[in-house]
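# Structural characterization, general
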Amino acid sequence: MQNYNYTIGKIANIIDGEIIGNQQDNIGIKNILFDSRLLVEPDNTLFFALSSGRNDGHKYIDELYRKGVRTFVVNNSFPINNDATYIIVEDTLAAMQKLAAFHRGRFEIPVIGITGSNGKTIVKEWLYQILSPTFSVVRSPKSYNSQIGVPLSVWQMDGSHDIAVIEAGISKPDEMGNLTRIIRPTIGIFTNIGPAHGKNFKSIEQKINEKLKLFGGDIKSCVYCADQPEVAAAMRNTGINTFSWSKTDRNADLYIKDISRNGNTTLRATYKGEDVETVIPFIDDASIENAIHCWCIALIFNISEDLIKERMSHLESIEMRMELKAGINNCLVINDAYNNDRNALSIALDFMNAQRHDNKVLILSDIMQSELKEDELYPYIAQLIEKKGVDILIGIGKSISKYKSHIKIKSYFYESTNDFLANHPMQSFENQIILLKGARNFEFERIMKVLQMKSHETVLEINLDNLVKNLNYYRGKLKKETKVMAMVKAFAYGSGNHEVSNVLAFHHVDYLTVAYADEGIDLRDQGIRLPIMVMTPETNTFDTIIRYGLEPDIYSFRCLSQLEEAINQLDTILKEPVKIHIKLDTGMHRLGFMPNDIDTLIDRVKSNPDIKIQSVFSHLATSDMPEENDFTKHQIDTFETMSSKIVEAFPYKILRHILNTAGTTRFTEYQYDMVRIGIGLYGVASCDEDRGKLHNVISLKSTIKQIKEYEAGETVGYGRHGKVTRPSRIGVIPIGYADGLRRQLGNGAACFWVNGKPAPIIGNVCMDLCMIDVTGIDCKEDDTAVLFDESHPIEEISKACNTIPYEIMTGISQRVKRVYVKE
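The sections below set out a description of the structure shown in this document.

## Quick look at the overall build of the protein
A count of helical and extended segments in the protein gives 26 helices and 43 strands. Each of the three principal axes of the protein carries a C-alpha extent, and together these read 85 × 85 × 65 Å. Put simply, the protein has 823 residues, and 55% of those count as buried. Accessible surface computed for the protein: about 35,800 Å², of which carbon and sulfur atoms make up 46%. Within the protein, one finds 93 positive and 106 negative side-chain charges whose respective centroids are separated by 2 Å.

Next comes the structure, spelled out in structure tokens:
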């Protein structure tokens, strides 16, 4: 957290506390801390010992003292037993809030306060994306919107900031007053009203009015949707200045007159008598609502229409609080226990539907957060899950079981999690996608433990959130109209083509690319409907390519003739021409048409109405090599000449693309209509400019099956190549060259990481096992052994094998189970 010239003495005065212990009042304070696990910098950190329920921060003071913290805020009953400096107060939380309120009072910048039932974090993050290119913006970390989170958020403010964006959330009456005094917003956003924490309020009107307490005397304007009648009525009663938007009321400040969805969403509106328009890269209702709130703020800050359109068209998805993992019997399991209300259930069901799986199972506990009575709630849930296409419901809890007669789909009911685990046949889950949606007290993590895959203890973990971050990193380099073709060939570089393709489709890439037709067919069978280019169509696959709506790369006249022959042999007449992608050889000298082929190629395609050129492309040979920039420019110039001739010869739009991953970073000005992103999506930098800017996506992990001790002179493994030179502990882990662990890594060439310590591979790598030296490492059987992850780059392994990361990634065998993580 940022400071603003505070000393321990000044803070004691602000929070009405008394300094005891080491009574130095000139100690400088930069950071405030409430969670001992989050300690980063002991010096100049002030720890507030908060007490909430069973968790008392005072019990961590000795631990923090040992780690170097010397300043604490404690309650007046805490016994002092060391030479640290203490500020004694009656209520440590109230003291932290008082300090934050004082800190807020030192700034005259606009402060945007956001409240409502849903969407606060997304609106905050999108506002940051929209405003930060123009202003220095400080915002709440993550979802820090509580009695604790808000003070920590405000403490970040310093003299460098132009705008602050702070969330505020409450769960019961009389909580907002504290937050109002801390935030003191000058501009407000009321996102919406929903059922979360409904049981703690007498009515929806009371909940709205409690939230509206955020907007006090400092407020200059408050954004809200006038289409929510209860919110609109409450707003009118406050007497504060408002900025309304509506899809029905032409008198709203921003009248939304048209919403058009087609891959993205175009919003057309009237503002101050003028027509305005913007585009967002999302189509769901929640994202549209959140985006309109952000649009209103951008208008309030007088950001130009062109800048608004540019920034909103590049809004990035905010990470979801869900886990997508491989499960038993070829199932996928979504674990979502963050928010157990009906709105959150609807969102989670949308995410499940986005996975494009035909057999959907919902395991649902009693709904603990709802303003509806049970006899209203559960009939609504029954309609919702039927509407969302759930095939099987498993209800857990006495309340949901009581209303099972309302469920029209196949269903099972259990009174408790124990009842379910004891009596439900787990092997009946097969080839399904399973959503776990349970209130915390139902302990659905126990169900997750049973359902997630455990058949092979070596797993390749794929972080889908980081995949999306990398996608957005490259998107940030592009013009808004430039398309993205994502490479998912070779089983998505070993990561799993279906799951990865599904996420990429969800985040609106324009094209997918595979190497061979069977990869594209598999994606079609899994429900992927994006355009798919096949880079290396084989002679006998063109009929299948046509049947599955795939788009072949045509790189030679022989290849073109094979396609034409397949078209002629079809039993039915084509409804539309077969889309093809023309590959040009501009210097790679692998596949592709040469310059002297172009005239004949144009004539051949023009003469066949059953063929349409979708794109013309080429491949750069040295885009990652600065010393070969001249050759890359030569390739680009050659491509410009060859592709222009083709594009100008046809009356329809033909896309052009030449940039690969490294080219997208190093030669961005030549992005044409589309770029092809491959290895960078998976977190591996293909050029120096990208190093340190990508997020790790894949991690290879196993477990220690056995640990034995050997004396010096013993040997380990085939050929007795593993020499034990001292008394040693040797661990055995279930991964070998049949899993993709290269034999070159044996005999000390590489190591696994066990509890943060390197454990060299000893002896030869076997087919299914390898041995590691864990001497001196505090570890036991079943501990995790990591070959590569975010802390230990895959590049280190490829270097040890004298190869490239591509080869390591694509060489991980299919028997290594893939686990997909979405935070």
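So that's the structure; there's more coming.
## Quick look at the pairing of strand β27 (residues 511-514)
In β27, alternate side chains face the same way, and those of Tyr-511 and Thr-513 on one face and Leu-512 and Val-514 on the other are all buried. Bridge analysis of strand β26 (residues 483-487) against β27 gives 3 bridges, and the strand direction is parallel. Note on β27: the bridge partner recorded for Met-487 is Thr-513. Across 3 bridges, the pairing between β27 and strand β28 (residues 532-534) is parallel. Residue pairing in the sheet places Val-514 in a bridge with Val-534 of β28.

## A few points about helix α8 (residues 229-238)
All buried positions along α8 are accounted for by Val-231, Ala-232, Ala-234 and Met-235. Seen from one end, α8 has its buried residues packed into an arc of 165°, which puts them on one side. Of the exposed residues in α8, those oriented more than 90 degrees away from the buried face are Pro-229, Arg-236 and Asn-237. Looking one or two places after α8, you find Gly-239, whose phi comes out positive at around 80°.

## What to know about the layout of surface pockets
Its boundaries defined by the atoms lining it, the second largest pocket holds a volume of some 870 Å³. Elements that contribute at least two residues to the lining of the second largest pocket include exactly α17 (489-493), α24 (661-666), β33 (674-677) and α26 (805-810). Looking at side-chain class alone, the lining of the second largest pocket contains 18 nonpolar, 8 polar and 9 charged residues.

## Observations concerning the pattern of salt bridges
Counted according to the given criterion, the structure contains 25 salt bridges. A salt bridge links Glu-210 to Lys-213; its shortest N-O distance comes to 3.1 Å. Of the residues examined, Lys-213 reaches a relative accessible area of 42% and is grouped as partly exposed. Ionic pairing is found between Asp-783 and Lys-780, a salt bridge with its closest N-O pair at 3.2 Å. A cluster of three or more residues bridged by salt bridges with shared partners is formed by Lys-124, Glu-125, Arg-139 and Glu-167.

## A word on the sheet that holds β28
The sheet built from 8 strands is open, its strands ordered β32-β31-β30-β29-β28-β27-β26-β33 with parallel pairing. Here the strands that pair on one side only, and so sit at the sheet edges, are β32 (655-657) and β33. With strand direction ignored, the average angle separating the axes of adjacent strands in the sheet is 30°.

How each quantity is defined
- Residues numbered from 1 in each chain as written.
- Predicted model: local features only at pLDDT ≥ 70, side-chain atom pairs only at ≥ 80, totals over all residues.
- Heavy atoms only, no water.
- Helix = DSSP H or I, 4+ residues; strand = E, 2+ residues; numbered from the N terminus.
- Buried < 20%, exposed > 50% of the residue type's maximum accessible area, 1.4 Å probe, protein only.
- Areas by Shrake-Rupley, 256 points an atom, 1.4 Å probe, with all protein chains shown as cover.
- Lys, Arg positive; Asp, Glu negative; His and termini not counted.
- Charge placed at Lys NZ, Arg CZ, Asp CG, Glu CD.
- Pairing = 2+ DSSP bridges.
- Arc of directions from axis to C-beta.
- 1 Å grid on protein atoms, 1.4 Å probe; cavity = no way out; pocket = protein on both sides within 12 Å on 5 of 7 lines; lining within 4 Å.
- Points joined across faces, edges and corners; volume = space filled by probe spheres on them.
- Nonpolar A, V, L, I, M, F, W, Y, C, P; charged D, E, K, R; others polar.
- Salt bridge = Lys/Arg side-chain N within 4 Å of Asp/Glu carboxyl O.
- Axes fitted to C-alpha atoms, helices over the stretch in contact; angles between N-to-C directions.

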